[in-house]
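Here is what each chain is made of, one letter per residue.
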Amino acid sequence: SQKIEQNSEALNIQEGKTATLTCNYTNYSPAYLQWYRQDPGRGPVFLLLIRENEKEKRKERLKVTFDTTLKQSLFHITASQPADSATYLCSEGAAGNKLTFGGGTRVLVKP
Amino acid sequence: DAGVTQSPTHLIKTRGQHVTLRCSPISGHKSVSWYQQVLGQGPQFIFQYYEKEERGRGNFPDRFSARQFPNYSSELNVNALLLGDSALYLCASSLARVGTEAFFGQGTRLTVV
């Protein structure tokens, strides 16, 4: 079965720098990957979706890439701000249901 | 527009008891999925319902069950609670169309003592 793996170590980054998070999948290439943000004690909030045949997707300061050769997606937050501090979840799923999530990566942006 | 609403927000139960969690999806969404999130981990898929029928089930014991009502709201039931069932239970609704995302509720924090 598919496993979605994210770096469990927290990412500490200085304000203004670019945060880069990694999501690896172990089995077949997912048709879609979705990225969510989760604040403590809250439900995840959707950020970006990327299709298998898309190399890159952008939304404001966020960018996600999909590399089927490396079985990997990268998530970038440019010009990071303290308000970007949260846990970021990578998931496989085409239609917003039956999502398979990774363990999430916590990001802490220091002023 | 109201988002996905879940009730209750917090719940404390004793081992062996039964619990019912409730979820109201976004208006127009016919798909509801349930997830369990243990502290420090990502959400784990439990069930998906679409048009009142079960369309997917994760790797959870039969103590877990769910249903969806004609108005598309949903209940998750857990019998014979164990300490390990303590978690944040998340409900998500979606349009269930390819290329669309999930909308999550704030979750129900269940503590089993």
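So, how was this worked out
- Note on numbering: residues in each chain are counted from 1, in written sequence order.
- The naming scheme follows written order: chains are lettered A onward, ligands numbered 1 onward.
- Local features in this predicted model are restricted to residues of pLDDT 70 or higher, and side-chain atom pairs are both shown and tallied only at a pLDDT of 80 or more, whereas totals for entire chains, interfaces and linings draw on every residue.
- Note: side-chain values were computed over all heavy atoms of the structure, leaving out hydrogens and water.
- Numbered from the N terminus, helices here are DSSP runs of H or I no shorter than four residues, and strands are runs of E no shorter than two.
- Atoms considered for the radius of gyration are the C-alpha atoms alone. The globule rule reads 2.2 Å times the number of residues to the power 0.38.
- Burial status follows relative accessibility: with a 1.4 Å probe on protein chains alone, a residue under 20% of its type maximum counts as buried, one over 50% as exposed, and anything between as partly exposed.
- Two residues qualify as a contact provided that any one of their heavy atoms is within 4.5 Å of a heavy atom in the partner residue.
- Disulfide: a pair of cysteine sulfur atoms within 2.5 Å of each other.

**Concerning the overall build of chain B**
A count of helices and strands for chain B gives 0 helices and 11 strands. Beginning at the N terminus, the succession of helices and strands in chain B can be written as β-β-β-β-β-β-β-β-β-β-β. Relative to the 2.2 N^0.38 estimate, which gives 13 Å for 113 residues, the radius of gyration of chain B is 13 Å and therefore close to what a compact globule would have. Seen through its C-alpha atoms, chain B measures out along the principal axes to roughly 40 × 25 × 25 Å. By residue count, 48% of the 113 residues in chain B fall in the buried class. Look at the contacts in chain B between residues 6 or more apart in sequence, and 52% of them connect residues 24 or more apart.

**Description of the state of the cysteines**
All names here are of chain B. Applying the stated criterion to the full structure yields 2 disulfides over all chains. Put simply, C23 and C91 are joined by a disulfide, and their sulfur atoms are 1.8 Å apart. As the torsion about the S-S bond is roughly -60°, the C23-C91 disulfide counts as left-handed. Remark: C91 occurs in strand β9 (residues 87-94) and C23 occurs in strand β3 (residues 19-24); sequence separation between them is 68 residues. C91 matches C23 in its accessibility class, with the two residues each being buried.

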